[in-house]
Amino acid sequence: MRSRLSLTVALALLVPVLVAQQAEDTGEAVFAQYAVASDHELASQAGAEVLAAGGNAADAAAATMLALGVVGPASSGLGGGGFALYYRASDHSMHYIDFREEAPGAATAEMFARREGDDEQTAANRSRAGGLAVGVPGEPAGVEALIEQLGSGRVTRSQIVAPAMRRAREGWDTTPLWERFSRWLGESLRADPVFGRWFPRGSAFIPSGHHVDNPALARTLGEFAAHGAEPFYRGRVAREIVRQVRAHGGVMTAEDLAAYRVAVREPLVAEHFGRRWVTAPPPSAGGVTLLASLGLLERWLPPSLRAEDSVYFRHALVESWKGPYTDRHLYLGDPDHVDVPTAALLRGERADQRARVFHPMLAQPTSRYDLPLDTPPRRAARPGGDAGTSHFCVADAEGNVAAVTTTVNLPFGARFTAAGLVLNDQMDDFAREVGQPNAFGLVGGAPNLPGPSRRPLSSMSPTIVFEGDRPILCAGAAGGSRIITATEQVLLFSVLFGDTAGEALARRRVHHQGDPATTSYEEGMDEALVDGLRRRGHDMQSLDHSAVVQVIRLVYGEDGAVTQIQAGSDPRKGGRPAGH
Ligand code: GLY
């Protein structure tokens, strides 16, 4: 019950579903040369502007990310972090940059444990708002790494920053999401100098369609244009971050910021349904969960049941998530600090064993899919070591593809700013205590307790799917624990049913995360599907909130050239793609 409540609250805030829009607007636009699909039209345009100037998908991803931080500060920005998955067409190589936030050096496993006199909410809030909630931001280093390691070299950093800086100076109009968030967070936002100036005089909230700007962020972006990430880790911005975090009760130091580095990791790769899936490794749970689920689905869906949406298909989907979400809290954490048994979790024999639990007509309790590993992972730190979210895809004319998910965690992060930046509350993605849920209802496990320089587990799942050696799909999502199931469904709808980007986004989704034992489904889902699942014993709960997925689908002609780039921005948030 406890986790169900926190999940409901988090999702209600994170991902408003504008269901009414779905009928009229698929969120899809089709391009021939290049495309950016983000959850805000102005951010998509920022990326497209850099592509038009000769930049590649990495340059455009950097520009899109910076612009998202300006126009969608409830979801992401330079005070947060994320993951970037990149396909470089020139040598068919895959790249993965982990710019996830890190816990400060003074973090301890007990820092969010309930204290004497705490009620449940006070304890939970410590990792969700205020200074202790803030992880060392990774996004400045992530944007810089994208430009330096994967950028074309044909556009300057100033050109990449320009659309975001212009927008921060000249302003933009707020969306309905702002009104919803600010009505809820009202007073706690108003005290901050940046958020405070966005409230019209006498108003308790920021209305939709209100023109706002952020000159403090424009100045900070100017420093990024001139000096890259350096000022954020050692200069004026770093000093301002430390000052504000400590003024709000946090423990971050100048040394924590100076020590931050992006982690370059190997993405996870597996063949399923005749395609190659490349996706996020730990500290995201996204890729492990996605691939484990696909492995089960392949066993449960004979070819004759793969071609269309059906009760059986949705039943198999829901059943496929129960075990992997349980693995998450038992075995997953930051691979630089705990042993994460990724290979053991994805072994074929393990999938065979779990697959035998499945009943085609009957929902099984999550516990039946629990499959302890033969050799429990070592949980201790190695010696010497220690929806506010946004996803977008970029495809450029050279064949490069970028899938980037970026986040400040909950809306407006820790609810205060430094140097114009919204500071994240990513510390809530750690386990507060073993067995306690985070804001998304995800149960905390020992491998994910906070500790010095650790990165919290994530659900972010930037994924690129290949057919042969050609990328055919790029997707990812915002929406906490639902990121993984939403990303997987949109990709499967396209791979199995042949959906266009817009059709895949329009289809209603289901979700199950092991605990609570409910299957949630989106309003507007075919009643026959809902009834069929209920008859199989699923505890069906209707939701009017869901994850927000951005997707790009690449269509090839017989000569092997791309003939269509279908770019889809989820109508659930009202973004728009841009391109040429
Ligand atoms: N903060 C959302 C996630 O990383 O899963």
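Residues numbered from 1 in each chain as written. Predicted model: local features only at pLDDT ≥ 70, side-chain atom pairs only at ≥ 80, totals over all residues. Heavy atoms only, no water.

**Describing the sheet that holds strand 2 (residues 35-37)**
Quick reminder of the rule: Only strands joined by at least two bridges in the DSSP assignment are considered to pair. Every helix listed is a DSSP run of H or I at least four residues long, and every strand listed is a run of E at least two residues long, numbered separately from the N terminus. Here, two residues are considered to be in contact whenever any of their heavy atoms come within 4.5 Å of each other. Whenever a helix is involved, its axis is fitted only over the stretch in contact; in every case the axis is a line through C-alpha atoms, and angles between N-to-C directions fall within 0 to 180 degrees.
One open sheet accounts for seven strands, arranged 7-4-3-11-10-2-21; its pairing is antiparallel. Each end of this open sheet is capped by a strand with a single partner; those strands are strand 7 (263-264) and strand 21 (577-579). Pairing of strand 4 (residues 93-99) with strand 7 involves two bridges; the strand directions are antiparallel. Across the sheet, I97 pairs through a bridge with V264, a residue of strand 7. Those strands touched by helix 6 (residues 139-150) are strand 3 (81-88), strand 4, strand 7 and strand 11 (401-409), and its axis lies near 160 degrees from that of strand 4.

**With respect to the sheet that holds strand 16 (residues 510-511)**
Taken in spatial order, the three strands make up an open sheet running 16-17-18, and their pairing is mixed. The open sheet has two edge strands with one neighbour each: strand 16 and strand 18 (540-543). Sheet analysis places strand 16 next to strand 17 (residues 519-522), joined by two bridges and oriented antiparallel. Within strand 17, the position partnered with H511 by the bridge is S520.

**Some thoughts on the pattern of salt bridges**
To be explicit about the condition: We define a salt bridge as a contact between a side-chain nitrogen of Lys or Arg and a carboxyl oxygen of Asp or Glu at a distance within 4 Å. Each residue is assigned to one of three classes by its accessible area relative to the maximum for its type, calculated with a 1.4 Å probe on protein chains only: buried under 20%, partly exposed between the two thresholds, exposed over 50%.
Going through the model one piece at a time under the given rule, you end up with 33 salt bridges. R128 serves as the salt-bridge partner of D428, at 3.1 Å between the closest nitrogen and oxygen. Residue D428 is classed as buried on the basis of its relative accessible area, which comes to 0%. Taking the shortest distance from any N to any O, the salt bridge between E240 and R243 comes out at 3.0 Å.

**Regarding the packing of aromatic side chains**
The criterion, for reference: Only centres within 6.5 Å qualify two rings of Phe, Tyr or Trp (six-membered ring in Trp) as a pair; their planes then separate them into stacked at under 30 degrees, edge-to-face at over 60, and tilted for everything else.
Enumeration over the complete set of coordinates arrives at 16 aromatic pairs. Considering the side-chain rings of W300 and Y369, the 6.3 Å spacing of their centres and the 55 degrees angle between planes classify their relative orientation as tilted. Taken together, the residues W300 in helix 14 (residues 286-300) and Y369 in helix 18 (residues 366-369) connect sequence positions 69 residues apart. Here the two residues W300 and Y369 agree in accessibility, since each one is buried.

**Comments concerning the state of the cysteines**
Definition in use: In this description, a disulfide is simply a cysteine sulfur pair whose atoms lie within 2.5 Å.
Applying the stated criterion across every chain yields a total of one disulfide. Covalently, C393 is tied to C474 through a disulfide, its sulfur atoms 2.3 Å apart. Here C393 and C474 share a disulfide; its torsion about the S-S bond, -95 degrees, makes the bridge left-handed. Of this pair, C393 sits in strand 10 (residues 388-395) while C474 sits in strand 15 (residues 470-478), placing them 81 residues apart in sequence. The buried category is assigned to C393, whose relative accessible area is 0%.

**A look at the site of the ligand**
Basically, it comes down to this: The criterion for a residue being near a molecule or strand is simple. One of its heavy atoms has to lie within 4 Å of it. Nitrogen and oxygen atoms within 3.5 Å of one another constitute a polar contact, given that in protein one can donate a hydrogen and the other can accept it, and given that sequence-neighbouring residues count only through two side-chain atoms. Computed with a 1.4 Å probe, the accessible areas rest on the Shrake-Rupley method; for each residue, only the protein chains presented here act as cover. Just so you know the grouping, Ala, Val, Leu, Ile, Met, Phe, Trp, Tyr, Cys and Pro go in nonpolar, Asp, Glu, Lys and Arg go in charged, and all remaining residues, Gly too, go in polar.
Near the ligand the following residues occur: R100, T389, T407, N409, Q426, D429, S458, S459 and M460. At 3.0 Å, a side-chain N or O of R100 approaches an oxygen atom of the ligand. The fraction of the free accessible surface of the ligand (200 Å²) that becomes covered by protein chains is 99%. Of the residues contributing to the shell around the ligand, the split by class is one nonpolar, six polar and two charged.

**Regarding unusual backbone geometry**
In the segment running from P282 into P283, the intervening peptide bond is cis, with an omega of 15 degrees. Relative to the assigned elements, P283 resides in the loop between strand 9 (275-279) and helix 14. Residue P516 follows D515 across a cis peptide bond; omega there is 5 degrees. By secondary structure assignment, the location of P516 is in the loop between strand 16 and strand 17. At A419, a residue that is not glycine, the phi angle is positive and equals roughly 50 degrees. Within the element layout of this structure, A419 appears in the loop between strand 12 (417-418) and strand 13 (421-422). The exposure class of A419 is buried, given its relative accessible area of 11%.

**Quick word on the confidence of the model for the protein chain**
Stated precisely, the cut-off is as follows: The score called pLDDT rates the predictor's confidence residue by residue, from a low of 0 to a high of 100.
On average, residues of the protein chain carry a pLDDT of 93, and 93% of them reach 70 or more. Segment residues 1-24 is flagged for pLDDT under 50; beyond a separation of four residues in sequence, or across chains, it makes 67 contacts in the model. Of the regions scoring below 50 in pLDDT, residues 378-386 engages in 21 contacts with residues more than four places distant in sequence or in other chains.

**Topic: the packing of helix 7 (residues 157-170) against helix 10 (residues 215-227)**
What counts here: Just so you know how the angles are binned, under 35 degrees is roughly parallel, over 145 roughly antiparallel, 65 to 115 roughly perpendicular, and the rest oblique.
Close contact between helix 7 and helix 10 brings their axes to 9 Å; oriented N to C, the two are set at 175 degrees. In terms of orientation, helix 7 lies roughly antiparallel with respect to helix 10. Contacts from R157, S158, V161, A164, M165, A168 and R169 of helix 7 reach helix 10 at P215, A218, L221, G222, F224, A225, A226 and H227. Partitioned by chemical class, the residues of the contact of helix 7 with helix 10 number 10 nonpolar, three polar and two charged.

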